[in-house]
Amino acid sequence: MRVDFKEEQKFSQWWLWLILIAITCIPAIGLYKQVLLKESFGSKPISNTGLYIFLASMLTCLLLFWLLRLKTSISQKEIQFSFFPFVKKKVLWEDVQNAEVINYGFVGGWGIRIGTSYGTVYNVKGNNGLYVQLKDGNKFVIGTQIAKELDRFIQSCPLT
């Protein structure tokens, strides 16, 4: 299959990483104080086990954000996208009723947004995306950082 449009996005917002790392430092500092220095961490300290669980949870969250990728590939035959590691979808153009690049505004955050007026929105940043309405009534948006390039390509696809 020849791919005519391709995009890969990841969470690269510096402030998001700053927040995630700062929160991860809390249990790490707590463990350092309580386990190594044998001092209480705070006026009502959590158990060491609780700190280990908190740290493991935050490290898992960091790893997840590091691995998350929104990949889009569009050809004259189909639209494919994946939001690794959660979603992988392929839609043939013959099943598409309408497709257009839109500014969808704020839909409550980034990631996978279910139940919006656009159906499910898959995004990592920004507010532009490919809005797809299927003939069976389902609809979704795939976020993009290169809306003009995507719009030019969509105009040449079989549906439009």
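Residues numbered from 1 in each chain as written. Predicted model: local features only at pLDDT ≥ 70, side-chain atom pairs only at ≥ 80, totals over all residues. Heavy atoms only, no water.

## Considerations on the overall build of the chain
- Helix and strand counts for the chain stand at 3 helices and 9 strands.
- Traced from its N-terminal end to its C-terminal end, the chain shows the element sequence β-α-α-β-β-β-β-β-β-β-β-α.
- In summary, the chain has a C-alpha radius of gyration of 21 Å against a globular reference of 15 Å for 160 residues, an excess of more than 25%.
- Dimensions of the chain, computed from the C-alpha atoms along their principal axes, are close to 70 × 30 × 20 Å.
- In the chain, 55% of the contacts between residues at least 6 apart in sequence involve partners at least 24 apart.
- Accessible surface, the chain: about 9,400 Å² in total, of which carbon and sulfur atoms supply 59%. (Helix = DSSP H or I, 4+ residues; strand = E, 2+ residues; numbered from the N terminus. Rg over C-alpha atoms; globule rule 2.2 N^0.38 Å. Contact = heavy atoms within 4.5 Å. Areas by Shrake-Rupley, 256 points an atom, 1.4 Å probe, with all protein chains shown as cover.)

## Digging into the side chain of Ser75
- Along the chain, Ser75 turns up in the loop between strand S2 (69-74) and strand S3 (78-84).
- Accessibility expressed as a relative area gives 2% for Ser75, which makes it buried. (Buried < 20%, exposed > 50% of the residue type's maximum accessible area, 1.4 Å probe, protein only.)

## Points about the nonpolar core
- Ile74, Leu130 and Ile154 are the most contacted members of the largest nonpolar core, which has 31 residues in total.
- Per-element tally for this core: the top contributor is helix H3 (residues 147-155), with 4 residues.
- Ignoring any residue separated from it by four or fewer positions in sequence, one finds Leu130 in contact with Ile74, Ile79, Ala99, Glu100, Val101, Phe140, Val141, Ile142, Leu150 and Ile154.
- Within the second largest apolar cluster, 6 residues are counted, among which are Ile102, Tyr104, Val121 and Tyr131. (Core = buried A, V, L, I, M, F, W, Y, C linked by side-chain atoms within 4.5 Å.)

## Re helix H2 (residues 48-67)
- The end-to-end C-alpha distance of H2, which contains 20 residues, comes to 28 Å, matching closely the 28 Å that a straight helix rising 1.5 Å per residue would cover.
- Among the residues of H2, Gly50, Leu51, Leu55, Met58, Leu62 and Phe65 are the ones counted as buried. Axial view of H2: buried residues confined to an arc of 135°, hence all on one face. With respect to the buried face of H2, the exposed residues turned more than 90 degrees away are Thr49, Ile53 and Thr60.
- For H2, the secondary structure elements touched by its buried residues are helix H1 (14-36). (Expected span 1.5 Å × (residues − 1). Arc of directions from axis to C-beta.)

## With respect to the state of the cysteines
- Here the structure, examined in full by the defined rule, presents 0 disulfides.
- The thiol sulfur of Cys25 is not disulfide-bonded, and the nearest other cysteine sulfur, from Cys61, lies at 14 Å.
- Of the residues examined, Cys25 reaches a relative accessible area of 37% and is grouped as partly exposed. (Disulfide = S-S within 2.5 Å.)

## Here's the deal with unusual backbone geometry
- For the peptide bond that leads from Phe84 to Pro85, omega is 10°, which places it in the cis range.
- Mapped onto the elements, Pro85 comes out in the loop between S3 and strand S4 (87-92).

## Thoughts on the sheet that holds strand S7 (residues 119-123)
- In spatial order, the strands read S5-S8-S9-S7-S6; together these 5 strands make up an open sheet with mixed pairing. Taken across any chain shown, the strands that pair with only one partner, and hence form the sheet edges, are strand S5 (96-103) and strand S6 (111-116). Strand-to-strand twist in this sheet, taken as the mean axis angle between neighbours without regard to direction, amounts to 15°.
- In the sheet, S7 pairs with strand S9 (residues 139-143) via 3 bridges, with the strands oriented parallel. Within S9, the position partnered with Thr120 by the bridge is Phe140. (Pairing = 2+ DSSP bridges. Axes fitted to C-alpha atoms, helices over the stretch in contact; angles between N-to-C directions.)

Shape is all these values report; function is a separate question.
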